[in-house]
Amino acid sequence: MKKDINGQKLFHKIVDETPAELKTQLRFSNAIAEKLDRMLKERDMSQRDLARKTKKTEAEVSRWLGGTHNFTLRTLALISTALGEDLISIVKQYDITSEDNPMMAAEAEADYGD
Amino acid sequence: MTRAKILSVEQTEAVGLFTIIFEGENQSEFADFINKFKDDAVRQNDLRIILNQIDLILVKGVAERYFRPEGKMSDNVCALPVYKSGLRLYCLRLSDSVLIVGNGGVKNTKTYQENEDLNGYVINLQKLDALLKADINKGIVRIEKTEIIGVDDKEYDI
């Protein structure tokens, strides 16, 4: 077998073997960071502007945008309030159309853009 | 001073990912970084986070926001960080489409300069950055989309 001098095979092996829950966590973190980045651009706001509005440091805002931050609900609420738009949304689906199916299903899922 | 070459790791439509290898070594700096932490029970998860970010960058592009600036304002040295644990992979972000990944480790001091290993990794990338800039200015090396043209047989004294 050819030697993996540049590390490409090892890199892909570890990515492929990453536990699904960690991959999901990173997908959420990156989706939130991407949406925050888009919201700042739409408002022509810098990281410094958001830091001022949220009374956080620029370093903290930079962490939010990095794509690996483990957001708390408190932080999501803080950012959403500062920008006047929810960073994530909860989608509720209620199936109440059939008497044969009186179960109400509620499903919450993060809106993580594309 | 050691001689180093730039090695391609992967090319996608959006990104060219490169690393460096020092003369006499049998693996690149990127491979050395992965091997240091892949079996480390404490850091293994953080390594996975960094490598999955690189996997995403290969698709999305080398956006500045993924990185923490390191080195000096005048250079392109930055790091892919895991903030809580302090694991850092030092990189050269040459454009939105070209990334050179170096080596890294755990930053458990206030600044990377206080850690001999980390300071060495950053200095290596700073030197390479300066040498690449000089070659680009002379027209010997060009960055075209996802490629670094003119470095295939080139060795740098770092």
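Check the entry above for the structure.
Residues numbered from 1 in each chain as written. Chains lettered and ligands numbered in written order. Predicted model: local features only at pLDDT ≥ 70, side-chain atom pairs only at ≥ 80, totals over all residues.

Chemist: What should I look at first to understand the pairing of strand S1 (residues 3–11) of chain B in this one?
Modeler: Each regular strand shows side chains that alternate between the opposite faces of the sheet. All names here are of chain B. The pairing of S1 with strand S9 (residues 156–157) spans two bridges and is antiparallel. The partner of Ala4 across the bridge, within S9, is Tyr156. Examined bridge by bridge, S1 and strand S2 (residues 16–22) share seven bridges and lie antiparallel to one another. Of the residues in S2, the one forming a bridge with Glu10 is Leu17. Counting the residues in the hairpin turn of S1 and S2 gives four residues. (Pairing = 2+ DSSP bridges. Helix = DSSP H or I, 4+ residues; strand = E, 2+ residues; numbered from the N terminus.)

Chemist: Looking at this structure, how should I read the pairing of S2(B)?
Modeler: Residue and element names in this part refer to chain B. Judged by how many residues are buried, S2 sits mostly within the fold: six of seven residues are covered. Pairing of S2 with strand S6 (residues 98–106), which is carried by four bridges, proceeds in the parallel orientation. Within S6, the residue paired with Phe18 across the bridge is Ile100. (Buried ≥ 20, exposed ≤ 12 C-beta atoms within 10 Å, placed from the backbone.)

Chemist: What is the right way to look at the interface of chain B and chain A in this model?
Modeler: Each partner contributes to the interface: chain B provides 27 residues, whereas chain A provides 21 residues. Of all the elements in the fold, those that place two or more residues in the side of chain B that touches chain A are S1, S2, helix H1 (29–37) and helix H2 (44–60) of chain B. Broken down by element, the side of chain B that touches chain A gets its largest block of residues, nine residues, from H2(B). Grouping the constituent residues of the side of chain B that touches chain A by class yields 13 nonpolar, eight polar and six charged. (Contact = placed C-beta atoms within 7 Å. Nonpolar A, V, L, I, M, F, W, Y, C, P; charged D, E, K, R; others polar.)

Chemist: Please explain the packing of helix H2 (residues 20–42) of chain A against H2(B) as it appears in this structure.
Modeler: Packed helices, taken two at a time, are described by the angle between their axes plus the distance between the axes. Between H2(A) and H2(B), whose axes approach to 11 Å, the crossing angle comes to 55°. What the angle tells us is that H2(A) and H2(B) run oblique. Handedness of the H2(A)/H2(B) crossing: right-handed. Residues A:Leu22, A:Lys23, A:Leu26 and A:Asn30 of H2(A) form the contact with H2(B), whose participating residues are B:Asn45, B:Arg48, B:Ile49, B:Asn52 and B:Leu56. In terms of residue class, the contact of H2(A) with H2(B) is made up of four nonpolar, three polar and two charged. (Axes fitted to C-alpha atoms, helices over the stretch in contact; angles between N-to-C directions. Parallel < 35°, antiparallel > 145°, perpendicular 65-115°, else oblique. Left-handed = near helix turned anticlockwise from the far one by under 90°.)

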